[in-house]
Each structure stands twice: as C-alpha cells, then as structure tokens.
Amino acid sequence: MIYVYGDAPQWLMEIINELGYSMVKIDDCASQQRAIIIDAHGDCHARGSIVLALIPRRGSITIDRHNVRGILKSLTTLLSTINGAKTFEDSLSMLGFVRAFVNDYLGFSEITAGNVRVEVGGVYSIVAPGQGTTYRVTLGRGSARGTLVIDANLGWLLEFSRDIYVARGDLILELVALSMIFSVSIELPNPPY
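If you're wondering where the values come from, they're calculated on a predicted model, not measured in any experiment.

### Looking at the overall build of the chain
Here's step 1: Along the chain, the regular secondary structure elements total five helices and twelve strands.
Here's step 2: Radius of gyration (C-alpha) of the chain: 18 Å, near the 16 Å computed for a compact globule of 193 residues.
Here's step 3: Projected onto its principal axes, the C-alpha coordinates of the chain cover approximately 60 × 30 × 30 Å.
Here's step 4: A burial count over the chain gives 48% of its 193 residues as buried.
Here's step 5: Partitioning the intrachain contacts of the chain with sequence separation of at least 6 by distance along the chain shows that 55% fall at a separation of at least 24.
Here's step 6: Of the roughly 9800 Å² of accessible surface on the chain, a fraction of 49% belongs to carbon and sulfur atoms.
Here's step 7: Of the side chains in the chain, 16 bear a positive and 19 a negative charge, and the two mean positions are spaced by 4 Å.

Spelled out as structure tokens, the structure:
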C-alpha cells in the first residue's frame, strides 16, 4: 500500500498502478506508521514512516520519474523483510548485517567481516553504532586480503564505537528508510540522498 499526501502527478499514479501497488490518498501524513508516504505537498514530516518527496528536502528521499520504480520496489521489499522488528538493531539483523571486527596493526586498521566471505571487489554496507541514536554508515569494497576497504576515513567511522556491522550489497537507501522508521540519525561521509 502506497499512501499519497497531496495531489500526485499523473506519471506517478501511472507508475504506481503499473507496479501493481494500491494507492490511497491521505489528508494527514502523520496518521500512518511503517508505511510508504509520497509527499506531493512538500510538508510531510511523518515519524515512523518512509517519506518520499518530489522536491528535495531534509528528512525525505527524493523521487522522480526515473528512479521511482526502483525505490518503490526496494522499499516495499524492505517493509516486508523487517516486519516485526522492534528496533533499528533488529532490522539490521533481518537485513543480513553481521558483526565485523577491526584489526589494528602498528597504526594501520582494517575491517574483517566476521562470518561473511568477502568477495574481491564486492560492495558491502557498513554500520557503526554511535552515541545514543546516531549511526555512521558507509560503503566498502572487498579486497584480495579478505578485508574491506571503505569509502571513508576509518577514524571517522570508529570515532564513536568499535562495533561494526557489515552486509553484502549497497543498502544505503534501505538504511536511510530505516532511520525514518525508527527515528534514528545516520551520518554518511558523502550523503547520496
């Protein structure tokens, strides 16, 4: 079920119908929990739901006619995957995140992915719990040594905590959506959305 707050453009309604999702127009965007809400007004700040906006703004994921199909498919799959998760950490586990380890060698640090077999060149999502409800998130690539080379400064990632969680694939979109559902803050070295 996709909820639409405001008057959605015709192209968006056609794509939603084409994907086979049902669409309901709502007058109060804060009335839904754990839902996908498309904000056509530009002023929806629903807590506990995933807000998609047609105009870029803080606290939402921007969609347009070129990316909406992939985003809607990913997010509907996410909602069914995390059904029953009570916390952000529960949802990480349901998405396949496992604990990783930081190895220090004479001033040099690297991440080993624990029980995950690292593929050379494979993309991995990395989450480091921070203070309170803040998490740091980045991407990494598998190296020939079986470790991860990350796209951010390791010191930045580990500043709050040495607890690291890793999952195969680029799950940044899913992590941004989870941050909306569970009202946590995520920090990215280079925000993509």
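### What about the state of the cysteines?
Here's step 1: Following the criterion strictly, the structure yields one disulfide and no others.
Here's step 2: Here Cys 29 pairs with Cys 44 through a disulfide, and the sulfurs are 2.4 Å apart. Between Cys 29 and Cys 44, the S-S dihedral sits near 110°, and the bridge is therefore right-handed. A residue pair is termed long-range when its members are at least 10 positions apart, and Cys 29 in the loop between β2 (23-26) and β3 (36-39) and Cys 44 in the loop between β3 and β4 (50-53) qualify at 15 residues.
Here's step 3: Classification of Cys 29 by relative accessible area gives buried; the value is 7%.
Here's step 4: Looking at Cys 44, the relative accessible area reads 1%, which means it is buried.

### Some details on the packing of aromatic side chains
Here's step 1: Considering all chains together, one arrives at two aromatic pairs under this definition.
Here's step 2: Consider the rings of Phe 88 and Tyr 135, whose centres lie 4.5 Å apart with planes at 45°: the pair is tilted. In this pair, Phe 88 sits in helix α3 (residues 88-94) while Tyr 135 sits in strand β9 (residues 134-142), placing the two residues 47 residues apart along the sequence.
Here's step 3: For Phe 88, a relative accessible area of 2% gives the class buried.

Analysis parameters
Residues numbered from 1 in each chain as written. Predicted model: local features only at pLDDT ≥ 70, side-chain atom pairs only at ≥ 80, totals over all residues. Heavy atoms only, no water. Helix = DSSP H or I, 4+ residues; strand = E, 2+ residues; numbered from the N terminus. Rg over C-alpha atoms; globule rule 2.2 N^0.38 Å. Buried < 20%, exposed > 50% of the residue type's maximum accessible area, 1.4 Å probe, protein only. Contact = heavy atoms within 4.5 Å. Areas by Shrake-Rupley, 256 points an atom, 1.4 Å probe, with all protein chains shown as cover. Lys, Arg positive; Asp, Glu negative; His and termini not counted. Charge placed at Lys NZ, Arg CZ, Asp CG, Glu CD. Disulfide = S-S within 2.5 Å. Phe/Tyr/Trp six-rings, centres within 6.5 Å; stacked < 30°, edge-to-face > 60°.

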